[in-house]
Amino acid sequence: MKNLWVLFLVITTCAFSQTAELKTIRGTITDGTRPIEDVAISIEGSNETTFSNELGNYSIEARSGDMLTYSYTGLKTIQIKVEDVTQILNLEMFPDINDLDEVEVTASRRRSQQDLAEEYKTNPRIVKTAYGYLDTETAAGRVNVVPKENINAIFVCLLDFARVRIPGIVVTGDCTYGGDIYARGFGSINNSAPVIYDIDGLIFTDTPLWFDINNAERIALIQSLSLTVPYGFVGAGGVMVINTKTGSPAARKVVDQARLRNNYLERDVLTENQVQQNAPEYLKEFANSASMAESREIFERYAGSYSNSSYFILDAVRHFSKRWKAYDMADAIVDEHWKRMETNPVLLKTLAYFYEEQGRFDKANDIYKEVFILRPNYVQSYLDMAKSYRTAGQIKQAASIFARYEYLVDEEFLPDGENDFATIFQREYNNLLTLERKAILNDGGGKSLYVAEEDFNGTRLVFEWSDGEAEFDLMFVNPENQYYTWKHSLADNAEEIMNEKNLGYNIKEYLIDDTLPGLWKVNINYKGNKSLTPSYLKATIYTDYGTPNQKMDIKVFRLGLKNVYQELFKINAPSVVSN
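Residues numbered from 1 in each chain as written. Predicted model: local features only at pLDDT ≥ 70, side-chain atom pairs only at ≥ 80, totals over all residues. Heavy atoms only, no water.

K.L.:
Account for the sheet that holds strand β18 (residues 458-465), naming residues and giving values.
P.N.:
If you trace the four strands from one edge of the open sheet to the other, you get β21-β18-β23-β24, paired in antiparallel fashion. In the strand order of this sheet, the two ends are held by β21 (507-512) and β24 (551-559), each with one partner. Pairwise comparison of adjacent strand axes, ignoring direction, gives a mean angle of 15° for this sheet. Two strands pair when backbone bridges link them, and β18 and β21 are joined in this way by six bridges, in the antiparallel orientation. Bridge pairing in β21 links arginine 460 to leucine 511. Set on the sheet, helix α13 (residues 379-391) makes contact with β18, β21, β23 (535-545) and β24; between it and β18 the angle comes to about 125°. (Pairing = 2+ DSSP bridges. Helix = DSSP H or I, 4+ residues; strand = E, 2+ residues; numbered from the N terminus. Axes fitted to C-alpha atoms, helices over the stretch in contact; angles between N-to-C directions. Contact = heavy atoms within 4.5 Å.)

Written as structure tokens, this is what we have:
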């Protein structure tokens, strides 16, 4: 175990001292239908800028860790962090929208305060005022919401922030001597009332110059008189509602996001067989092969044409191991092509997914060790190692890696923060300590072991993807045919994707409690990975999670067909149902 910690220390130290080499990033930029000429591609913090040509093509020299910015007048600026495997970045750019979204609604489907409270954590358009939750999308009046990505620490005070981020208002004074924000009555400022401030339910009539913008989670400006009535006369000029990161309410229980929305699934969803019809020819032939010998003949026939394709090799490895349990054949293919995989963490993680799907957890653990050496500064590497040690039956090693990660965070070698990964990591650690206490303590008695309270028991779905550039929509359909969609794309969720890149993780969980038993469906709309290669998604399905009866099932999906919804799997909580 001592040698393991020495390895961690050496690798982690090296990770922060290496200087990445320059490499060429290429791609094509379109608006979804046509190429875009003269898109400016620049490297943040440098003078390096290039432009796309008349075919939308571009190339630029960059290093791993560099931030590429793609900008074009009238289109939304896109930022992408260069990773160790980044070579091709084909982008689709979208029309820009105002930094400030304005919503004017005269009628709406009313929801209770409890409904809004439960949805608060996942719906950025809900704000908490001193008089309850307000859904700015359905409010009967004008509410201006500042997107979260536009709330940052570059502003000295709220006055500076409002000048830059909130159009159509008047701001007086400065951050030294104070001032006011006026949202109404611009014809005569002297006869206007300035806005007041509702910060986590506390009302301030003077501009709080002391407020740290970096602590703001959500900011909305309420301008309609009908919505400011609860504040009385002092709110006549409008109310700036600010929910802080430290004061924002946290979800205390699992909430079925589908039931909070008036969405009922009516669209067509492709079955596995329908998706297979659009697969490459060699995959169709593999699927239709009647014997191991026939599969071998297909592989040898296509190997010459696809010898340079690592994904053909991966597909063949999975076919022989999953369809025929021909592990010797699959392993021989891996050994023959190991040189092209050993330095590519995306290919290695895909291979590890296959081994986990097959139940070959020792081999998956070996692969995750290789990925850790390549990516010691990715937080996902620690979680992958810990989980793979656990599934391989090496419980103490798993617990030690969880503890080592927390130590590195405490010592600021690794980043920390309020994010999805931190929640998932803590849940995994708590689950290990709860269910494997005896193995960790040897005899299970005479010692104390702190375990944070687990707030969930039920069906837990964990999704991981090997390629950080993969974009998709995950759809969860409950037994009443209502659905919730989590969007993982630059067009819909650029901030979360940037956070994933900065910390180094590709993982998402979805929790299903026991309040709505029955058949659940999970579908996906794959949108590509900015190259012509497929992506691979791993779904780990836990039933009776957090209890002694906890079970785990792992499924791996090859994503190639784009822009259509397709079935992933169905679950009859708490049991897993085959495709």
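K.L.:
Which residues make up the sheet that holds strand β6 (residues 75-81), and what values go with them?
P.N.:
Read from one edge of the open sheet, four strands run β3-β2-β5-β6, paired in antiparallel fashion. Across the chains shown, the open sheet's two edge strands, defined by having one partner strand only, are β3 (49-51) and β6. On average, adjacent strands in this sheet sit at an angle of 20° to one another, irrespective of strand direction. Here helix α17 (residues 490-503) sits on the sheet and contacts β5 (67-72) and β6; the angle it forms with β6, its principal contact strand, is near 20°.

K.L.:
Lay out the confidence of the model for the protein with the relevant residues and their values.
P.N.:
Predicted coordinates in areas of low pLDDT are best not read in detail. On average, residues of the protein carry a pLDDT of 86, and 86% of them reach 70 or more. Segment residues 186-191 is flagged for pLDDT under 50; beyond a separation of four residues in sequence, or across chains, it makes six contacts in the model. Per-residue pLDDT stays below 50 along residues 443-447; that stretch engages in three contacts with residues further than four places along the chain or on separate chains. (pLDDT = per-residue confidence, 0-100.)

K.L.:
Which residues make up the packing of aromatic side chains, and what values do they have?
P.N.:
Taken as a whole and judged by the stated rule, the model has 36 aromatic pairs. Site record: aromatic cluster; members linked through ring pairs are Phe372, Tyr382, Phe402, Tyr405, Phe421, Phe425, Tyr429 and Tyr505. Its guanidinium or amino end placed over the ring of tyrosine 133, lysine 128 lies 5.6 Å from that ring's centre, counting from NZ or CZ. Over the face of the ring belonging to tyrosine 327 we find arginine 360, whose NZ or CZ atom lies 4.4 Å from the ring centre. (Phe/Tyr/Trp six-rings, centres within 6.5 Å; stacked < 30°, edge-to-face > 60°. Lys NZ or Arg CZ within 6 Å of the ring centre and 35° of its normal.)

K.L.:
Break down the pattern of salt bridges for me, with residues and values.
P.N.:
Scanning the entire structure with this criterion turns up 29 salt bridges. A salt bridge links aspartate 31 to arginine 34; the shortest N-O distance between them is 3.8 Å. Residue arginine 34 is classed as exposed on the basis of its relative accessible area of 57%. Close ionic contact of arginine 318 with glutamate 357 constitutes a salt bridge, the shortest N to O distance being 2.8 Å. Taken together, the residues span a long stretch of sequence, with arginine 318 in helix α8 (residues 310-323) and glutamate 357 in helix α11 (residues 345-358) at a distance of 39 residues. (Salt bridge = Lys/Arg side-chain N within 4 Å of Asp/Glu carboxyl O. Buried < 20%, exposed > 50% of the residue type's maximum accessible area, 1.4 Å probe, protein only.)

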